[in-house]
Amino acid sequence: MSLDWELLDRHLQKAEHAAVTGLLLAATEEERLALAPRVEARIKATRADDWWTSGVDRAGGYALAVIGCMPSGARAAALLCRRDMRDRWSAIPADRFLRIARHRELSWLGDLGVRLVERLSAQNARWGGWSFVSALLRAAQLAPPATEAVLRGWLGELNADRDSLTRYADRMRAHPFLDVLLPSVFDIDGLGAELNGGFYPAGSSGWDPTLRFPAAVAQLVAEGRLDRGTIVAATVDRLVRGDRAAFLRPFVLLHDALTLTVDELAEHARDYARLLPDAPSTVATLAQRALRAVGDAGRLELDTLLEASRPTLVRKEKNVVKAQLALLEAAARREPERAGEVLETVAEAFAHPALDIQERALTQIDRRVAGLPADTLARLADAATGLGGDLPARAAALFGGAAPEAGPPVAPALTRPMPPAAMPPPIADAAELADEVVALLYDHSAVRWERVLAGLVALRAAGETAALAAALGPVLDGHEHHFAEHHWGHWQRIGFLGEAIRTVIESPRLGGGRPAMLAGVRAAWQGVRSALADTPEGILSLRIAEISVLAAKAPVALLVSTPTHVDGGLDAEVLLQRLLRAEAEGWQPWRLDFEQALLRVHRDAGAGLRRRAGELTTPVGKEFAEWLAAGGLPDPVSTRFEQRSTGKRFPAYAPPPVARRVVANLEPVRAGGLRLEKQLIPLAHRSSTDYFSRDLVDDTDVLAMVLPHHREVVAAWALLGIAALEDEAGLGGGTLVPRLAEGPGPIGPAMTLALAYLCGARHESDRAAAVDAFLILAARDEPFAAAAGADLGDLCGDGIVKLNRVVLALADAHRAGASAAVWEVLAAAIPLLLPRAPRGLPDLLELASRVAVETGARGEIAQLAAVAGRPGSTRLIKEARRLRAVLMT
């Protein structure tokens, strides 16, 4: 029978591989070649989204048609390497593909394999593309190039079955590409990621985390299948060239599995020395073990050790530094005639930031200082000038000379923050507004929101409706999915914005979210907490909804709430001028817009401005005058509130709730007030640490602009999310706290708790934000430090906040010049922490000793004497003794 295209294509569309294979094998070569243009045209005409429909991936069948009909490897590769086909190589049945190729006796199968492997990407290799390409190369008896994609695919092939170590080694031993590809596994950065991961042992449902690659390579070396010298050299070279610690872990384990002899270790001694200064700590520790073995055998050159030790002794990892000091101690014992050189190298540790490391180095020198020449002692004394805490006096007694006298503490001047910048100029025309609306889809900053809303209202009032329709209509049509109805957060506001735009441009198409907007706005107008504002950031949603509802019914010339400064502040003079204009032109500001303006007005309006505001005659004008006279929104009562876990986990996919969290509740100090006050106050948290997404503030930037002069209220609403940066290892959001530190308003428990949680955040970028906030508050002489210290003492005492992270943040603040405030925090926290002794407390006491020396702090700290007087020599006791000695000097 002749090969019919319509019949073949029907089978191709249904991905019936067996039928396609049968038709192609039964046809003559001429019939197959005659269909090449049809196959080519069909593949080129198929869109990427059309390959997979109704649960069927058609790409595999069309790949069979390619190998069955194309006249050359170049034309076949051109089709198979199209991006939409290349991403589906894993769907190609390689056995049928090769069966057809063999039946046609293709001379260019190897050429096709080479062309495909050149186009193999690392991502495609992970998705199974390597299995198909590998089958082609094996059939053509060709070796692949050792590219990153090929290597990732090959390693993935070895890892495909998570079975036993023995089977993994068997697959590696028998693989035809082993000798070609294995050497490059050691050469290309990042491939260690493919070597991590364990397996499921036979007969067990448990997971064994043992890495199979190191064990398998070591086994093949032991068998003689792989050359030992080559593998040892490649392993050490991989470690020397470095990579991320996790990616080097398989090679560290391989090094251990190979169990190098002293001869092998000595051969690579210089390589191990090169690892000491900056390799990941696990690799540096491996190198120290190797050098110790070489040194114990008397084969380690002292100059090599000394040269590598100098930068190593100031590494931040204390375990690495202590091990290096031990290596130097052993070297001094082996070569006592060169003890002076060794001790001068040990003195490099005097520059380490940790006092216990400095003390260890000083003690090590003390044991061998007798008999050193005077010039060596002089150099050691010079190095000792970098010692901190109580160590300078001890060094003076050891090296000779008087202990340095502490002069009066000199506090470096901290830079006060600049006042908030002015808002960017208003949007000038419809084209600029359209650009800003599109930008808002991807960068939803509060400043951009304010400019877009102000521009939308002002341009309509200026009679630019036609221009707005011409500019914004295509934006709505081109981003229809963005402006569809959404039910929460930023995308709900974007949907509301779409409704507001349609109202302004008088579009006949209105979205489905309009009923919810109407209900939400009406509730807010009546002074009832609106469903659109679960958190205060939702006030922006209410304002957008108000534009949509009133832009056509009660048009205004402008929004009176548009801030004058990027922090959300609104100059009272500017608002007065806007209200005078409204009074002169005969229009009334919208209710929610006007109330937002009041919340943004600076609270310190002068007497002259209050007098002029009192001359306004409209109801809103009189309300503005009363608002200024009263000093704005009264600060609510903010109180600490402790939540505890109920043991429940809801929803099931959420992280388990933390055992305890301390937040802040808000209580109003007056009845009545603005309608928007109902959206802001009160705030009463539930008693358990469980929470729902609606409890969190998504856009803290928007929240801060709602109440620019009430940072305690903003902090209270944002506190759950800030706490999650520590107790749930969240990321981002910490930038709100420095912004609040720059703002006005009293500091209460919400602000100090926010700072405490942020100091313990998991990620360094968030802790850096905590340091920024700390420095801002210290520069402004804000009364925060004692309360923040008490919060840290409470939260760190039971591990809710990780004390070791807090120490890092406070140390950064100390180095930046806020030492006085840091000491105040420490003095409040230490008495609460000493009875509970959480992990990291010795580091905190060490920091306190440093800060006390620099600030000249003296006196008793509760509980410190009791801990310092305990018998023993634990680090906690030693640091308590050091701090007390400094304070009692």
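The structure under discussion appears in the preceding block.
Residues numbered from 1 in each chain as written. Predicted model: local features only at pLDDT ≥ 70, side-chain atom pairs only at ≥ 80, totals over all residues. Heavy atoms only, no water.

## Here's the deal with the overall build of the chain
What the chain contains, in helices and strands, is 47 helices and four strands. Its C-alpha atoms put the chain at 100 × 95 × 50 Å along the principal axes. Going through the 889 residues of the chain one by one, you find that 53% of them count as buried. Intrachain contacts of the chain at a sequence separation of at least 6 include 74% that bridge at least 24 residues. A total accessible area of about 37600 Å² is found for the chain, and carbon and sulfur atoms account for 53% of it. Between the averaged position of the 101 positive side-chain charges in the chain and that of its 110 negative side-chain charges there is a distance of 3 Å. (Helix = DSSP H or I, 4+ residues; strand = E, 2+ residues; numbered from the N terminus. Buried < 20%, exposed > 50% of the residue type's maximum accessible area, 1.4 Å probe, protein only. Contact = heavy atoms within 4.5 Å. Areas by Shrake-Rupley, 256 points an atom, 1.4 Å probe, with all protein chains shown as cover. Lys, Arg positive; Asp, Glu negative; His and termini not counted. Charge placed at Lys NZ, Arg CZ, Asp CG, Glu CD.)

## Thoughts on the packing of aromatic side chains
For any two aromatic rings, the description comes down to two numbers: the centre-to-centre distance and the angle of the planes. Counted under the stated rule, the structure contains six aromatic pairs. On the numbers, 6.1 Å between centres and 65 degrees between planes, the contact of Trp-130 with Phe-177 is edge-to-face. Placement of the pair is Trp-130 in helix α10 (residues 122-139) and Phe-177 in the loop between α12 (165-174) and α13 (178-185), with a sequence separation of 47 residues. Of the two residues examined, Trp-130 and Phe-177, each falls in the buried class. With a centroid separation of 5.1 Å and 85 degrees between ring planes, the pair formed by Phe-774 and Phe-784 is classed as edge-to-face. Taken together, the positions of Phe-774 in helix α41 (residues 764-779) and Phe-784 in the loop between α41 and α42 (785-797) put the pair 10 residues apart, joining distant regions of the chain. (Phe/Tyr/Trp six-rings, centres within 6.5 Å; stacked < 30°, edge-to-face > 60°.)

## Here's the deal with helix α30 (residues 514-525)
With 12 residues, α30 should reach 16 Å at 1.5 Å per residue; the first-to-last C-alpha distance of 16 Å fits that figure. All of the buried residues in α30 are Arg-514, Met-517, Gly-520, Val-521, Ala-523 and Ala-524. Directly beyond the C-terminal end of α30, a positive phi value near 80 degrees is found at Gly-527. (Expected span 1.5 Å × (residues − 1).)

## A few points about helix α15 (residues 228-241)
For α15, built from 14 residues, the straight-helix expectation of 20 Å at 1.5 Å per residue is met to within 8% by its first-to-last C-alpha distance of 20 Å. Where α15 begins, the capping side chain belongs to Asp-227, and its oxygen is found 3.4 Å from the backbone nitrogen of Gly-229. Where α15 ends, the next residue or the one after it, Gly-242, has phi of about 80 degrees, a positive value. (Polar contact = N/O pair within 3.5 Å; in protein donor to acceptor, adjacent residues only side chain to side chain.)

## Some points on the environment of His-602
Assignment of secondary structure puts His-602 in the loop between α33 (591-600) and α34 (607-613). His-602 sits 80 residues away from Pro-682 along the chain, and the two C-alpha atoms are 22 Å apart. With residues near it in sequence (within four places) discarded, His-602 still touches His-565, Gly-569, Leu-570, Asp-571 and His-709.

## Section: the environment of Trp-51
Looking at the secondary structure, you find Trp-51 in the loop between α4 (36-45) and β1 (52-53). Note: C-alpha distance between Trp-51 and Gly-68 (17 residues apart in sequence) is 19 Å. Setting aside its immediate chain neighbours within four residues, Trp-51 contacts Ile-43, Thr-46, Val-56, Asp-57, Arg-58, Ala-59, Tyr-62, Asp-84, Met-85 and Arg-88.

## Brief notes about the side chain of His-268
Residue placement: His-268 occurs in the loop between α17 (262-267) and α18 (269-275). Leaving out residues up to four positions away in the same chain, His-268 has contacts with Val-232, Ala-233 and Val-236.

## Here we look at the environment of Gly-647
On the secondary structure map, Gly-647 appears in the loop between β3 (637-644) and β4 (660-667). In this structure, the C-alpha to C-alpha distance between Gly-647 and Met-888, residues 241 residues apart in sequence, is 47 Å.

## Here we look at the packing of helix α31 (residues 538-550) against α33
Contact geometry of α31 with α33 gives a least axis separation of 9 Å together with a crossing angle of 140 degrees. With respect to α33, the axis of α31 lies oblique. As for how α31 packs across α33, the hand of that crossing is left-handed. Here Ile-539, Leu-542, Arg-543 and Glu-546 of α31 lie close against α33, whose contacting residues are Arg-591, Leu-592, Asp-593, Gln-596 and Arg-600. Here the contact of α31 with α33 is built from residues that sort into three nonpolar, one polar and five charged. (Axes fitted to C-alpha atoms, helices over the stretch in contact; angles between N-to-C directions. Parallel < 35°, antiparallel > 145°, perpendicular 65-115°, else oblique. Left-handed = near helix turned anticlockwise from the far one by under 90°. Nonpolar A, V, L, I, M, F, W, Y, C, P; charged D, E, K, R; others polar.)

## Here's the deal with the nonpolar core
Generally speaking, nonpolar side chains in soluble globular proteins are found buried as a group. Ranked by internal contacts, the top residues of the largest apolar core, which has 160 residues, are Leu-497, Phe-624, Phe-774, Trp-823, Leu-826 and Leu-883. Setting aside anything within four residues of it in sequence, one finds Phe-774 in contact with Leu-755, Phe-784, Leu-810, Ala-813, Ala-818, Ala-821, Val-822 and Val-825. Core analysis: the second largest hydrophobic core is formed by 129 residues, Ala-135, Leu-136, Phe-251 and Ala-273 among them. (Core = buried A, V, L, I, M, F, W, Y, C linked by side-chain atoms within 4.5 Å.)

## As for the pattern of salt bridges
Applying the stated criterion across every chain yields a total of 69 salt bridges. Ionic pairing is found between Glu-29 and Arg-32, a salt bridge with its closest N-O pair at 2.8 Å. Here the residue Glu-29 and the residue Arg-32 both occupy positions in helix α3 (residues 29-34), the gap between them amounting to three residues, near one helical turn. On the basis of relative accessibility, which here comes to 4%, the residue Arg-32 falls in the buried class. Notably, a salt bridge pairs Arg-660 with Asp-798, separated by 2.8 Å at the nearest N-O pair. In this pair, Arg-660 is assigned in strand β4 and Asp-798 in the loop between α42 and α43 (803-815), connecting sequence segments 138 residues apart. (Salt bridge = Lys/Arg side-chain N within 4 Å of Asp/Glu carboxyl O.)

## Some thoughts on unusual backbone geometry
Each neighbour pair has its own omega, and for Ile-681 with Pro-682 the value is 5 degrees, a cis peptide bond. With respect to the helices and strands, the residue Pro-682 is situated in the loop between α36 (677-680) and α37 (700-706). The phi torsion at Thr-259 lies on the positive side, around 50 degrees, for a residue other than glycine. Along the chain, the position of Thr-259 falls in the loop between α16 (245-258) and α17. Of note in this structure, Gln-863 is not a glycine but carries a positive phi near 80 degrees. Of note, Gln-863 is situated in the loop between α45 (841-855) and α46 (864-868). The partly exposed category is assigned to Gln-863, whose relative accessible area is 43%.

## Brief notes about the side chain of Ser-548
By secondary structure assignment, the location of Ser-548 is in helix α31. With relative accessibility at 0%, the residue Ser-548 sits in the buried group. Not counting the four nearest positions on each side in its chain, Ser-548 is found in contact with Glu-499, Ala-500, Thr-503, Arg-514 and Met-517.

## Considering the pairing of β4
Judged by how many residues are buried, β4 sits mostly within the fold: seven of eight residues are covered. Where β3 meets β4, eight bridges bridge the pair, whose relative direction is antiparallel. Opposite Val-637, over in β4, you have Glu-667 as the bridge partner. (Pairing = 2+ DSSP bridges.)

## Description of the packing of α4 against helix α5 (residues 59-69)
In contact at an axis separation of 9 Å, α4 and α5 are set at 150 degrees when each is read in the N-to-C sense. Classed by the angle they form, the pair α4 and α5 counts as roughly antiparallel. Classified by chirality, the crossing of α5 by α4 is left-handed. For the pair formed by α4 and α5, the contact residues are Ala-36, Val-39, Arg-42 and Ile-43 on the first element and Tyr-62, Ala-65, Val-66 and Cys-69 on the second. Tallied by class, the residues present in the contact of α4 with α5 amount to seven nonpolar, no polar and one charged.

## Examining the state of the cysteines
Throughout this description, disulfide means a covalent bond between two cysteine sulfur atoms. Taken as a whole and judged by the stated rule, the model has zero disulfides. Cys-759 supplies the cysteine sulfur nearest to Cys-796, a cysteine that is in no disulfide, at a spacing of 8.9 Å. The class for Cys-796 is buried, based on a relative accessible area of 1%. (Disulfide = S-S within 2.5 Å.)

Nothing here speaks to function; it is all geometry.
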